[in-house]
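# Coordinate analysis (summary)
Spelled out from the first residue to the last, the chains are:
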Amino acid sequence: MERAIRNFLSQESAGGILLMVAVALAMILANSPLADLYQGFLSTGVQLRVGELDINKPLLLWINDGLMALFFLLIGLEVKRELLEGALSSVAKASLPTFAAIGGMVFPALFYLTFNYSNPETQVGWAIPAATDIAFALGIMALLGNRVPVALKVFLLALAIIDDLGVIVIIALFYSTDLSMTSLIIAAVSIVLMVALNRKGVTSITPYALVGFMLWVAVLKSGVHATLAGVIIAFCIPLRAKDGTSPSGHLEHQLHPWSTFLILPVFAFANAGLSLTNMTLESFAEPITLGIMMGLILGKPIGVLLFSYVAVKLKLAELPPGIGWKHIMPVAVMCGIGFTMSVFISSLAFEHSPAEYGDYARLGILTGSLFAALIGYFWLAKVLPNSGGSHETN
């Protein structure tokens, strides 16, 4: 039994499977006699108070503002590594996934706005279908094992990382309100301190963690979303020490299992509990639901493919060796799996809107992501050889 558990945890698909279990459990509880208990648990007040500093939020917001800050810390570490040493470290490597990611963000937003152009209250959700869920997408791809070319995995990973970077910028620019100058000044001082630690060659994670916590509190109180603190901390931690070790790489390695097996499943459990009590077939025709579904199912693949194709034809980018358009097309569909990041953005977009807006958004996200996962998986399984090995280009 213990060996079976270790084998499961070592599989790339384990994170995606746990996310699906968390979503299913949340849906079951939200539509069972335990629904009030589930909602009451997420509404439980949790307070942290030290002198005049008072952080008092329901458990749901501690998860979305606190735990997800650690997830964004991991995303920041991955982005920094890929930019400096990995799949995004040169123009040649970064060109195709960059163009693909831009198309994959622009077109879903356009699809969403097409269905919501007449309602200013729902237009704010335009960024919801623009996000790709790294864990889910790579987890679905990993189910195909060694049949998937390494270059194709790298393409999807690089695309998703650039997508996440775009989402970070979107959150900073469009989902920050009621800014507090005092908190922003404290945040700026915290950033300067961490940059100084980096310049002095400090490689211990502890000082960055202490100043980083001060930054998180300041950003939380500033009106800018607290998860952005995680990204800033990540970019301040040194990638390489003088002895050749990697402080950020070590932290990334430590955070990864916590993110995969705790943070993201807990986030999914807390946010995916959509009550179907008031949902009907007409709910799928609501502009929010329809905009998100069409953005994920159609907007994502159209944007990824169109921008990739144009970039290759204009010789601004080139396909990875051994990878053809027959491989890129199903991966473009998989990019429509937007669950974690899409749900996160919807919680920001409709935080002060009527409750049904958030419900319609989650319905669109869950439905669109499910279709993208199924279509992408079976399409990719069809075009790949039955076992690992050579992969011809079409």
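Residues numbered from 1 in each chain as written. Predicted model: local features only at pLDDT ≥ 70, side-chain atom pairs only at ≥ 80, totals over all residues. Heavy atoms only, no water.

By the naming in an unreviewed UniProt entry, the protein is Na(+)/H(+) antiporter NhaA, taken from Shewanella metallivivens. Under the Catalytic activity (unreviewed entry) heading, UniProt states for the protein: "Na(+)(in) + 2 H(+)(out) = Na(+)(out) + 2 H(+)(in)". The protein has a UniProt comment under Sequence similarities (unreviewed entry) that states "Belongs to the NhaA Na(+)/H(+) (TC 2.A.33) antiporter family." (UniProt positions renumbered as here; feature names shortened; annotations may be inferred.)

### Looking at the overall build of the protein
Within the protein, the secondary structure is distributed over 16 helices and 2 strands. Compactness check: the protein gives a C-alpha radius of gyration of 21 Å against a globular reference of 21 Å for 394 residues, within 12% of the reference. Each principal axis of the C-alpha atoms in the protein carries an extent, and together these give about 65 × 60 × 50 Å. Evaluated residue by residue, the protein yields a buried proportion of 51% over its 394 residues. Of the contacts made within the protein by residues no fewer than 6 positions apart, 80% connect residues no fewer than 24 positions apart. (Helix = DSSP H or I, 4+ residues; strand = E, 2+ residues; numbered from the N terminus. Rg over C-alpha atoms; globule rule 2.2 N^0.38 Å. Buried < 20%, exposed > 50% of the residue type's maximum accessible area, 1.4 Å probe, protein only. Contact = heavy atoms within 4.5 Å.)

### With respect to the layout of surface pockets
Estimates place the volume of the largest pocket at around 1,200 Å³. Along the wall of the largest pocket there are 44 residues; nearest its centre are L61, S347, L348, F350 and E351. Elements that contribute at least two residues to the lining of the largest pocket include exactly α3 (35-42), β2 (53-58), α4 (59-84), α10 (205-222), α12 (247-271), α15 (339-349) and α16 (355-383). Broken down by element, the residue count for the lining of the largest pocket peaks at 6 residues, all from α15. (1 Å grid on protein atoms, 1.4 Å probe; cavity = no way out; pocket = protein on both sides within 12 Å on 5 of 7 lines; lining within 4 Å. Points joined across faces, edges and corners; volume = space filled by probe spheres on them.)

### Some thoughts on the environment of S342
Tracing the backbone through its elements, the reader meets S342 in helix α15. Relative accessible area serves as the criterion here: at 0%, S342 is assigned to the buried category. For S342 and L274, which are 68 residues apart along the polypeptide, the C-alpha to C-alpha distance reads 14 Å. Ignoring any residue separated from it by four or fewer positions in sequence, one finds S342 in contact with I128, P129, A131, L296 and I365.

### Describing the confidence of the model for the protein
With 94% of its residues at a pLDDT of 70 or more, the protein has an overall mean of 86. No element of the protein has a lower mean pLDDT than helix α1 (residues 2-10), at 50, and none a higher one than helix α13 (residues 287-313), at 96. Counted against residues more than four places away or in other chains, residues 388-394, with its pLDDT under 50, gives 17 contacts. (pLDDT = per-residue confidence, 0-100.)

### A few points about α13
Along α13, the largest kink reaches about 40 degrees and is centred on G295. Positioned one or two residues after α13, K315 has a phi angle of 60 degrees, which is positive. (Bend = angle between axes of the 7 residues up to and from the residue.)

### Some details on unusual backbone geometry
In this model, K315 sits at a positive phi of 60 degrees, which is unusual for a non-glycine residue. Among the structural elements, K315 can be located in the loop between α13 and α14 (325-334).

### Focus on empty space enclosed by the protein
Within this structure, the stated rule accounts for 1 cavity of 30 Å³ or more. For the largest cavity, the calculated volume is near 50 Å³. Lining the largest cavity are 10 residues, and of these F71, D133, I134, T340 and M341 lie nearest its centre. Those elements that place two or more of their residues in the lining of the largest cavity are α4, α7 (134-142) and α15. Here the residues of the lining of the largest cavity are counted per class, giving 6 nonpolar, 2 polar and 2 charged. (Nonpolar A, V, L, I, M, F, W, Y, C, P; charged D, E, K, R; others polar.)

### Examining the pairing of β2
Examined bridge by bridge, strand β1 (residues 45-50) and β2 share 6 bridges and lie antiparallel to one another. Within β2, the position partnered with V50 by the bridge is L53. The hairpin formed by β1 and β2 contains 2 residues between the paired strands, and G51 there has a positive phi angle of roughly 60 degrees. (Pairing = 2+ DSSP bridges.)

### Observations concerning the side chain of S346
Mapped onto the fold, S346 is located in helix α15. Owing to a relative accessible area of 6%, S346 belongs among the buried residues under this scheme. A distance of 2.7 Å separates the side chain of S346 from the backbone oxygen of V343, its partner in a polar contact. The contact partners of S346, leaving out residues within four places of it in the chain, are I128, E351, A361 and I365. (Polar contact = N/O pair within 3.5 Å; in protein donor to acceptor, adjacent residues only side chain to side chain.)

### Regarding the packing of aromatic side chains
When we look at a pair of aromatic rings, we describe it by the centre distance and by the angle of the planes. Applying the stated rule across the entire model yields 11 aromatic pairs. Where F107 meets F307, the ring centres are 6.1 Å apart and the plane angle is 85 degrees; that geometry is what we call edge-to-face. Of this pair, F107 sits in helix α5 (residues 91-116) while F307 sits in helix α13; the two residues are 200 residues apart in sequence, bridging distant segments of the chain. Here the aromatic rings of Y309 and W325 are separated by 5.7 Å at their centres, their planes lie at 55 degrees, and the arrangement is tilted. Of this pair, Y309 sits in helix α13 while W325 sits in helix α14, placing them 16 residues apart in sequence. The structure contains a cluster of three or more aromatic residues connected by ring pairs, namely F71, F72, F267 and F344. (Phe/Tyr/Trp six-rings, centres within 6.5 Å; stacked < 30°, edge-to-face > 60°.)

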